[in-house]
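Report on the structure
Each chain, letter by letter, is given below.
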Amino acid sequence: MLLIIIGHNAILMEHNGDFTLKSFLYSFHVWAFFILPFLYPIPTLSKEKIVRNAKRLLLPYTLLFVLFLIGYSILSHKTPEIKNTLLAFLSASQILLKDTIGFRLLWFLPTMFIVLLARDYYFYQNKYIRLLIIASCVLILIYSLIDSNNYWKVMHLMPFGLIYYHASSY
């Protein structure tokens, strides 16, 4: 948590135009936060738990999305396009969120929901499925270390980052 707070502090991260520390932190700090849920034991997978996580993460996401959509539309004097608004909401793509509601902030909530679902699924699978998941994660991590543009790669490899495109590309 401390690394995420430091990583989002503009005074510390963008001092005198030097982004070295920011580039370093952004190469792993978000990934680390999404790995944390896998380190804690969890109770058995249940419908109630999924509903509780949905209420805790998806309900605020939905309410804030609608609130910010209305506010951004009023302030920018733009009428939201239904297709792009739905794509932004469903994908939680940072680019689409910025275009639709004015900033990227909300991507984290549905992404965390998906990570928690993945964690719950992971803990109740057999050894071979777990090894396949771990091997996939290790390969993605190695791939991200090879490329020097880690910040954008991390955003592309987030669960909802798989739908990371700009609306104008359609």
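What you are looking at is a predicted structure, and each value in this text was computed from that prediction instead of being measured.

Another aspect to go through is the packing of aromatic side chains. What the rule picks out here adds up to five aromatic pairs. On the basis of an interplanar angle of 70 degrees and a centroid distance of 4.9 Å, the ring pair of Phe-68 and Phe-103 is categorised as edge-to-face. With Phe-68 in helix H5 (residues 47-76) and Phe-103 in the loop between helix H7 (94-101) and helix H8 (108-123), this pair connects stretches of sequence that are 35 residues apart. Among the residues examined, Phe-68 registers a relative accessible area of 25% and is labelled partly exposed. A centroid spacing of 5.9 Å and a plane angle of 85 degrees characterise the contact between Trp-107 and Phe-108, whose relative ring orientation is edge-to-face. Overall, the relative accessible area of 15% leaves Trp-107 in the buried class.

Here the structure, examined in full by the defined rule, presents two salt bridges. With a shortest N-O distance of 3.0 Å, Arg-119 and Asp-120 are connected by a salt bridge. Overall, Arg-119 belongs to the buried group, its relative accessible area being 9%. Through salt bridges that share partners, Lys-49, Arg-119 and Asp-120 make up one connected network.

What counts and what doesn't
Counting restarts for each chain: residues are numbered from 1 in the order of the written sequence. Selection of residues for local features in this predicted model requires a pLDDT of at least 70, selection of side-chain atom pairs for listing and counting requires 80 or more, and totals for whole chains, interfaces and linings are taken over all residues. By convention in this description, side-chain values take in all heavy atoms of the structure and omit both hydrogens and water. Whether two aromatic rings pair depends on their centres lying within 6.5 Å, for rings of Phe, Tyr and Trp, where Trp uses its six-membered ring; planes under 30 degrees apart make the pair stacked, over 60 edge-to-face, and the rest tilted. A run of H or I in DSSP becomes a helix once it reaches four residues, and a run of E becomes a strand once it reaches two; helices and strands are each numbered from the N terminus. Under the scheme applied here, a residue whose accessible area is under 20% of the maximum for its type counts as buried, over 50% as exposed, and between as partly exposed, the area being computed with a 1.4 Å probe on protein chains only. Every case where a carboxyl oxygen of Asp or Glu lies within 4 Å of a side-chain nitrogen of Lys or Arg is listed as a salt bridge.

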